[in-house]
Amino acid sequence: MGPHPAVAAIRLAVRRVLHDVLNEVSRNTAARPAAAAPAHPDASGPERAARAGTDRAGEPPLVLVACSGGADSMALASALAFEARKLAVRAGGITIDHGLQPGSDLRAAEVASRLSALRLDPVEAITVTVGREGGPEAAARDARYAALDEAAERLGAAAVLLGHTRDDQAETVLLGLARGSGIRSLSGMAAVSGAAGRYRRPFLHLDRQTARKACLVQSLPVWDDPMNADPAYTRSRLRHEGLPALEKSLGKGVVEALARTAQLCRDDADALDRWAAEADATVRDEAGLLECAKLYALPPAVRRRVLRRAAIAEGAPAGSLFARHVEELDRLITGWRGQGAINLPGRVVARRQGGRLVIRQG
């Protein structure tokens, strides 16, 4: 008799991702010259990430799971522990202590103990300092990913698995819709993201209840973070009030439909990004400056992407460059009335000058 259907589903999802990681590590190893030196300690993050899992001769690649102790990440950790034993993969775990609740250090230590009990190795509990920029949710996310990046590079991990489910994807799409963002925001979370594809999300096609059921039938202890039910947080309100209201009004299947929307939007956004990358070279003069007339001739969706790329290339932080900033840039092309320079995040200044759009550090 095989495993419970929920357990089988999460194991299959993880197995597929591990096969992808092994294939990529094998290709990277084959592509490197035999005498290639390991990445220098001062190499960039992406360079180190690209070499991760291939520099430690004789050792299988290391895959980490980021685990909060909740049902989604505990189900993921158990599936990784099970599948890694059948493949040429070392499996470890990381839990992050955000320090936002009393006793969070004890909770992190308990989660680390549970990961060790699953025979994951190495296992680390990492304490981070959460700032204030962008609000509490965004600040906690930034601190968490920074810690995961550091741990992955230090340990030489080929990948880090994240427990986001289809429900999380639906919430992300609705949050992007509420912000009035473009299709890139509506595309939600990618199955593969981060430097050199570091982050993998095996559960984006599985619902939250499947993960919870898998924990139940395996008698895995689960911690329900009270912050996930705190109405002070936007995602929490959406999870417990917004989505249930939508399902009541529109019927079941809203979560699945939003997840499908995310994939369709991602496909469109990827195609438009490729188009913009190709168009960028065609709208510049010999000095590399953007020509306003050529920009004007581009479809709006492509033009705005070219403008965003140009601003980021000059030092505007991608995370702080919002749609309103790009719209102001676009008006220098489509609504030129002699307006002055535009100040962008990162002390970047854009102005129209002699039929050219000049974007520079101010």
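Residues numbered from 1 in each chain as written. Predicted model: local features only at pLDDT ≥ 70, side-chain atom pairs only at ≥ 80, totals over all residues. Heavy atoms only, no water.

## Re the sheet that holds strand β1 (residues 62-66)
Then comes step 1: Strand order in the open sheet formed by six strands is β3-β2-β1-β4-β6-β5, and the pairing between neighbours is mixed. Looking at which strands have only one partner, the edges of the open sheet turn out to be β3 (123-127) and β5 (192-193).
Then comes step 2: Direction of pairing for β1 relative to strand β4 (residues 157-161): parallel, over a ladder of four bridges. Within the sheet, the bridge partner assigned to Val63 lies in β4 and is Ala159.
Then comes step 3: Sheet contacts for helix α3 (residues 71-84): β1, β2 (90-97) and β4; angle to β1, the most-contacted strand, approximately 160 degrees.
Then comes step 4: With respect to the sheet, helix α4 (residues 104-117) is in contact with β2 and β3, its orientation differing from that of β2 by roughly 170 degrees. (Pairing = 2+ DSSP bridges. Helix = DSSP H or I, 4+ residues; strand = E, 2+ residues; numbered from the N terminus. Contact = heavy atoms within 4.5 Å. Axes fitted to C-alpha atoms, helices over the stretch in contact; angles between N-to-C directions.)

## Some details on the confidence of the model for the chain
Then comes step 1: Averaged over every residue, the pLDDT of the chain is 90; the share at 70 or more is 92%.
Then comes step 2: Across residues 43-55, confidence stays below pLDDT 50; counting only partners more than four residues off in sequence or on other chains, it has 32 contacts. (pLDDT = per-residue confidence, 0-100.)

## Here we look at the packing of helix α12 (residues 300-313) against helix α13 (residues 323-334)
Then comes step 1: Running from N to C, α12 and α13 cross one another at 115 degrees; their axes reach a closest spacing of 10 Å. α13 is crossed by α12, and the crossing has right-handed handedness. Mapping the contact onto sequence places Arg303, Arg304, Leu307, Arg308 and Ala311 in α12 and Val326, Leu329, Asp330, Ile333 and Thr334 in α13. (Left-handed = near helix turned anticlockwise from the far one by under 90°.)

## Things to note about the packing of helix α1 (residues 5-31) against helix α8 (residues 208-217)
Then comes step 1: Packing of α1 against α8 leaves a shortest axis separation of 8 Å and a crossing angle of 115 degrees. For the crossing formed where α1 meets α8, the hand is left-handed. Contacts from Ala6, Val7, Ala9 and Ile10 of α1 reach α8 at Thr210, Lys213, Ala214 and Val217.
Then comes step 2: The residue makeup of the contact of α1 with α8, split by class, is six nonpolar, one polar and one charged. (Nonpolar A, V, L, I, M, F, W, Y, C, P; charged D, E, K, R; others polar.)

## Concerning the UniProt feature "binding site: ATP" (unreviewed entry) in the chain
Then comes step 1: The sites that UniProt annotates as "binding site: ATP" (unreviewed entry) are Ser68, Gly69, Gly70, Ala71, Asp72 and Ser73.
Then comes step 2: The class for Gly70 is buried, based on a relative accessible area of 11%. (UniProt positions renumbered as here; feature names shortened; annotations may be inferred. Buried < 20%, exposed > 50% of the residue type's maximum accessible area, 1.4 Å probe, protein only.)

## Considerations on the nonpolar core
Nonpolar side chains in soluble globular proteins generally cluster together in the buried interior.
Then comes step 1: One finds Val14, Val63, Leu80, Leu120 and Phe203 to be the most contacted residues of the largest nonpolar core, which totals 36 residues.
Then comes step 2: Broken down by secondary-structure element, the contributors of at least two residues to this core are α1, β1, α3, α4, β4 and α8.
Then comes step 3: Setting aside chain neighbours within four positions, we find Phe203 in contact with Ile10, Ala13, Val14, Asp72, Ala75, Leu76, Gly163, His164, Thr165 and Arg166. (Core = buried A, V, L, I, M, F, W, Y, C linked by side-chain atoms within 4.5 Å.)

## Structural notes on helix α9 (residues 234-250)
Then comes step 1: Along its length, α9 reaches its greatest deviation from straightness, about 30 degrees, at His240, and the proline Pro244 lies no more than four positions downstream.
Then comes step 2: The set of residues buried in α9 consists of Ser236, Leu238, Arg239 and Leu243.
Then comes step 3: Elements in contact with the buried residues of α9: α6 (166-178), α8 and α10 (254-280).
Then comes step 4: Backbone geometry just downstream of α9 places Gly251 in the positive-phi region, at approximately 95 degrees. (Bend = angle between axes of the 7 residues up to and from the residue.)

## A look at unusual backbone geometry
Both trends apply: most residues other than glycine have a negative phi, and most peptide bonds are in trans.
Then comes step 1: With an omega of 5 degrees, the peptide bond running from Asp121 to Pro122 counts as cis.
Then comes step 2: Turning to its location among the elements, Pro122 is positioned in the loop between α4 and β3.
Then comes step 3: Even without being glycine, Ala196 reaches a positive phi, approximately 55 degrees.
Then comes step 4: A relative accessible area of 52% means that Ala196 is categorised as exposed.

## Some words on the side chain of Asp330
Then comes step 1: With respect to the helices, strands and loops of the structure, Asp330 is situated in helix α13.
Then comes step 2: Within the local environment of Asp330, its side chain forms a polar contact with the side chain of Arg303, the two groups lying 2.6 Å apart.
Then comes step 3: With residues up to four places along the chain from it excluded, the contact list for Asp330 reads Arg303, Arg304, Leu307 and Gly335. (Polar contact = N/O pair within 3.5 Å; in protein donor to acceptor, adjacent residues only side chain to side chain.)

## Section: the sheet that holds strand β10 (residues 356-361)
Then comes step 1: Strand order across the open sheet formed by four strands is β7-β10-β9-β8, with antiparallel pairing between neighbours. The strands lining the two open edges of the sheet, one partner per strand, are β7 (290-291) and β8 (342-344).
Then comes step 2: Note: strand β9 (residues 348-353) against β10, six bridges, orientation antiparallel. Bridge pairing in β10 links Ala350 to Ile359.

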